[in-house]
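Chain by chain, the residues:
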Amino acid sequence: MLKLIASDIDGTLMPYGEKALSPALFDLIRRLRAAGILFCPASGRQYHSMRALFAPVADEVCFLCENGGVIFGPGAEETAPVLSKTAMPRSDALALSHAIMDIPECQVLISGQNVSYVCGCGEDFVRRMEDLHGNLVTRVARVEDISEDILKVTAFCPRELDGPAAILGPRWGETYHMAEAGPVWLDFGLADKGTGLWGLCGALGIDPAETAAFGDNWNDVPMLEAAGTAWLMSSAAPALRERFPRQCASVPEVLEAILRELPTP
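Rules behind the numbers
Residues numbered from 1 in each chain as written. Predicted model: local features only at pLDDT ≥ 70, side-chain atom pairs only at ≥ 80, totals over all residues. Heavy atoms only, no water. Salt bridge = Lys/Arg side-chain N within 4 Å of Asp/Glu carboxyl O. Helix = DSSP H or I, 4+ residues; strand = E, 2+ residues; numbered from the N terminus. Buried < 20%, exposed > 50% of the residue type's maximum accessible area, 1.4 Å probe, protein only. Pairing = 2+ DSSP bridges. Axes fitted to C-alpha atoms, helices over the stretch in contact; angles between N-to-C directions.

Caption draft 1: Structural context of the pattern of salt bridges. One pass over the structure, following the stated rule, counts 16 salt bridges. Where Arg 51 meets Asp 59, a salt bridge forms, and the shortest distance between an N and an O atom there is 2.6 Å. The partner of Glu 105 in a salt bridge is Arg 159, with the nearest N and O atoms 2.3 Å apart. Placement of Glu 105 in the loop between α3 (90-101) and β6 (107-111) and of Arg 159 in the loop between β9 (152-156) and α5 (162-173) is noted, with a sequence separation of 54 residues between them. Owing to a relative accessible area of 47%, Glu 105 belongs among the partly exposed residues under this scheme.

Caption draft 2: Structural context of the sheet that holds strand β4 (residues 70-72). Strand order in the open sheet formed by three strands is β3-β4-β5, with antiparallel pairing between adjacent strands. Strands with a single pairing partner mark the edges of an open sheet, and in this sheet they are β3 (63-65) and β5 (82-85). Ignoring strand direction, the axes of neighbouring strands in this sheet form an average angle of 10°. Direction of pairing for β3 relative to β4: antiparallel, over a ladder of three bridges. Counterpart to Phe 63 in the pairing with β4 is Phe 72.

Written as structure tokens, this is what we have:
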């Protein structure tokens, strides 16, 4: 029996670059919860940003944040339990941050539990993170000034990803699960969405076979592979479409079909 649905946000629930989810999604999430199925947004985004997107139902869902680096259970923002947190070794996180800053035209974004740290960037990048992504942002003069655990390090690559990936991948890519997280982002962390889903299932006492997941990009692959049922967006890259034959153009349409197929109480 299906007990948990995890879904990527950007490119899956919401087209890239948009700021708001369809209000119809919130009604579906409430109906799923009433039927005993928990919904979990799963993203590289920050907790605060994700709660703002899901404001009408934010107290009723779990949040798999920072690509699985931290997972919050249902509840108010101030009191929702942290179900798991996976920090990077500090020395590696700082060294990787410097390597990203050394690449021309790349910016580094360093993720704590609920704060995004930026260093050596322009005001445009700060506004992008605050206004477009809804993040809580703190500037630091040096990455060494960050005092909390570092959960994820991200390279913002506005021109293209291949060059930065070729520079960073050989040293950092395998250990820290380098993954494209959209057209301009490369994410690095010890956790990924797959380990995040396993951790969430363990915390809730749910068999992963009782889960479904939706995604559209390479950083979603571990989650899609971990879930009992995987749905790939039909807009995904051809190589991904070859790996995941169950595809859809609309997550709400699939959720509606799931609800229709549930046994009548």
